[in-house]
Amino acid sequence: MVAAVIDGKAFAEGLRGRVAEGVAAFTASTGRKPGLAVVLVGQDPASQVYVRSKGKATIAAGMESFEHRLPETTSQEELIALVRRLNDNETVDGILVQLPLPKGIDEQAVIATIDPAKDVDGFHVINAGRLAVGEEALVPCTPLGCLMLLKDRLGDLSGKEAVVIGRSNIVGKPMAQLLLQQNCTVTIAHSRSKDLPGVVRRADIVVAAVGRPEMVKGDWLKPGAAVIDVGINRVDGKLVGDVDFASASEVAGAITPVPGGVGPMTIAVLLRNTLVAAHARAGLAPPEGL
Ligand code: NDP
């Protein structure tokens, strides 16, 4: 079998187009654009690239982009004071503090300061808790993007065996919650899991969010499985995922490539979350088709 390649880039473009339409409708009905504030502390090169592309995509979608670049020497108090000002700023619907933060700043303390209604990254414990109990929540962008790709490919996910490799608060745990909400039978594997290939071999759906280049091999997969590769690893100047694409695509039914799979979804879902937050803050019904 040769797997169908899931084109995350094309799906993300479509989503960004739908968000832009929603932004235009929101602006027409409220007289203001949705606004996304992105905060970058320090000079991390990867973070600078992400922040630049987030700003560009925000403007391209017709939203207001507010960028706050703070020096490496910023104290936790100063950063928290900025987040509080953004919480109070009516033109800001979404706040994203780019991680990782410099050493000495407690990320959880900063995230806890973000107004949950503006927490478009979905990292605040209130949003994580709402997701866990099945309430309306702002959900982390990368796992929500993975779910969108899966539903687009497979339709109803009810009853499917899903294995999520990785248990981070950013990807693995929210991914597992989302799949559970879709009535999958969910297993979360991690660095202490025994017989990982055996666990993965049970899965109709595999989501790999590990950060280990090409760890998941084709012979770990059940034939026909849908494989979502979240990993972004730089090896010899080349980007590779957590899945060995060459061997996995011989066995899987569908697979996301790296790059061009999950990666482009993250920013598209961030824009979507910002539009959703703007609607909720304006007391409007959630935008449709997103
Ligand atoms: P973390 O490092 O926070 O988590 C990695 C997880 O993988 C941990 O739960 C860890 O287990 C588990 N793990 C590590 N080694 C193994 C192993 N040998 N076998 C099984 N499990 C293992 O990473 P993130 O969740 O933040 O990110 C994961 C990957 O996704 C990275 O490559 C990252 O770059 C990428 N990423 C991509 C995004 C995108 O937009 N496409 C967005 C976010 C992340 P334990 O908990 O036991 O330590």
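Residues numbered from 1 in each chain as written. Predicted model: local features only at pLDDT ≥ 70, side-chain atom pairs only at ≥ 80, totals over all residues. Heavy atoms only, no water.

Novice: Explanation requested: the packing of helix H1 (residues 8-30) against helix H6 (residues 141-154) in the structure shown.
Specialist: For any two helices packed against each other, one specifies the inter-axial angle together with the distance between the axes. The N-to-C vectors of H1 and H6 enclose an angle of 105°; their axes lie 11 Å apart at closest approach. Classified by the interaxial angle, the pair formed by H1 and H6 is roughly perpendicular. Counted together, Gly 8, Phe 11 and Leu 15 of H1 and Met 148, Leu 149 and Asp 152 of H6 form the full contact between these two elements. Considering only residue class, the contact of H1 with H6 consists of four nonpolar, one polar and one charged. (Axes fitted to C-alpha atoms, helices over the stretch in contact; angles between N-to-C directions. Helix = DSSP H or I, 4+ residues; strand = E, 2+ residues; numbered from the N terminus. Parallel < 35°, antiparallel > 145°, perpendicular 65-115°, else oblique. Contact = heavy atoms within 4.5 Å. Nonpolar A, V, L, I, M, F, W, Y, C, P; charged D, E, K, R; others polar.)

Novice: Teacher, can you tell me more about the environment of Glu 67 here?
Specialist: Inspection of the secondary structure puts Glu 67 in strand E3 (residues 64-70). Measuring from C-alpha to C-alpha, the distance between Glu 67 and Asn 273 comes to 18 Å, with 206 residues separating the pair along the chain. Beyond its immediate chain neighbours, meaning those up to four positions away, Glu 67 contacts Val 38, Val 51 and Gly 55. For Glu 67, the side chain forms a polar contact with the side chain of Arg 69, separated by 3.1 Å. (Polar contact = N/O pair within 3.5 Å; in protein donor to acceptor, adjacent residues only side chain to side chain.)

Novice: Explain the site of the ligand here, please?
Specialist: The full set close to the ligand counts 21 residues, and Arg 167, Ser 168, Ser 191, Arg 212 and Thr 266 are the nearest of them. Take Arg 167: an N or O atom from its side chain is 2.7 Å from an oxygen atom of the ligand. Starting from 940 Å² of accessible surface for the ligand in isolation, the protein chains cover 70%. For the shell around the ligand, the residue count by class is nine nonpolar, ten polar and two charged. (Near = heavy atom within 4 Å. Areas by Shrake-Rupley, 256 points an atom, 1.4 Å probe, with all protein chains shown as cover.)

Novice: What should I look at first to understand unusual backbone geometry in this one?
Specialist: Peptide bonds are mostly trans, and most non-glycine residues show a negative phi. Here the residue pair Leu 99 and Pro 100 is connected by a cis peptide bond, since its omega of 0° sits within 30 degrees of zero. Tracing the backbone through its elements, the reader meets Pro 100 in the loop between strand E4 (94-97) and helix H4 (107-113). In this chain, Val 258 is followed by Pro 259 through a cis amide linkage whose omega measures -5°. Note on placement: Pro 259 falls in the loop between strand E11 (254-255) and helix H10 (263-281). Here Asn 183, not a glycine, exhibits a phi torsion of approximately 70°, which is positive. Here Asn 183 shows up in the loop between helix H7 (172-181) and strand E6 (185-189). Using a relative accessible area of 49% as the deciding quantity, one classes Asn 183 as partly exposed. With a phi close to 55°, Glu 214 is a non-glycine residue in the positive phi region. (Buried < 20%, exposed > 50% of the residue type's maximum accessible area, 1.4 Å probe, protein only.)

Novice: I tried to follow the sheet that holds strand E7 (residues 205-208) on my own but got confused; where do I start?
Specialist: The strands making up a sheet associate through hydrogen bonds between their backbones, and the pairing can be parallel or antiparallel. Spatial ordering of the open sheet is given by E1-E11-E8-E7-E5-E6, a layout of six strands whose pairing is parallel. Two strands close off the open sheet at either side, each with one partner strand: strand E1 (4-5) and E6. Where strand E8 (residues 226-229) lies against E11, two bridges are found, and the strand directions are parallel. Of the residues in E11, the one forming a bridge with Ala 226 is Ala 254. This element, H6, spans E1, E7, E8 and E11 of the sheet and lies at about 155° to E8. Sheet strands in contact with H7 are strand E5 (161-165), E6 and E7, and its direction is about 170° off that of E5. (Pairing = 2+ DSSP bridges.)

Novice: I would appreciate a short explanation of empty space enclosed by the protein in the present structure.
Specialist: Think of a ball as big as a water molecule: rolled over the atoms, this probe shows where empty space is left. One pass over the full model with this rule turns up one cavity of 30 Å³ or more. Considering only enclosed or pocket space, the largest cavity measures out at about 50 Å³ in volume. Lining the largest cavity, in full, are Ile 95, Leu 96, Val 97, Ile 111, Ile 114, Asp 119, Asp 121 and Phe 123. Counting residues per element, the lining of the largest cavity draws most heavily on E4, at three residues. (1 Å grid on protein atoms, 1.4 Å probe; cavity = no way out; pocket = protein on both sides within 12 Å on 5 of 7 lines; lining within 4 Å. Points joined across faces, edges and corners; volume = space filled by probe spheres on them.)

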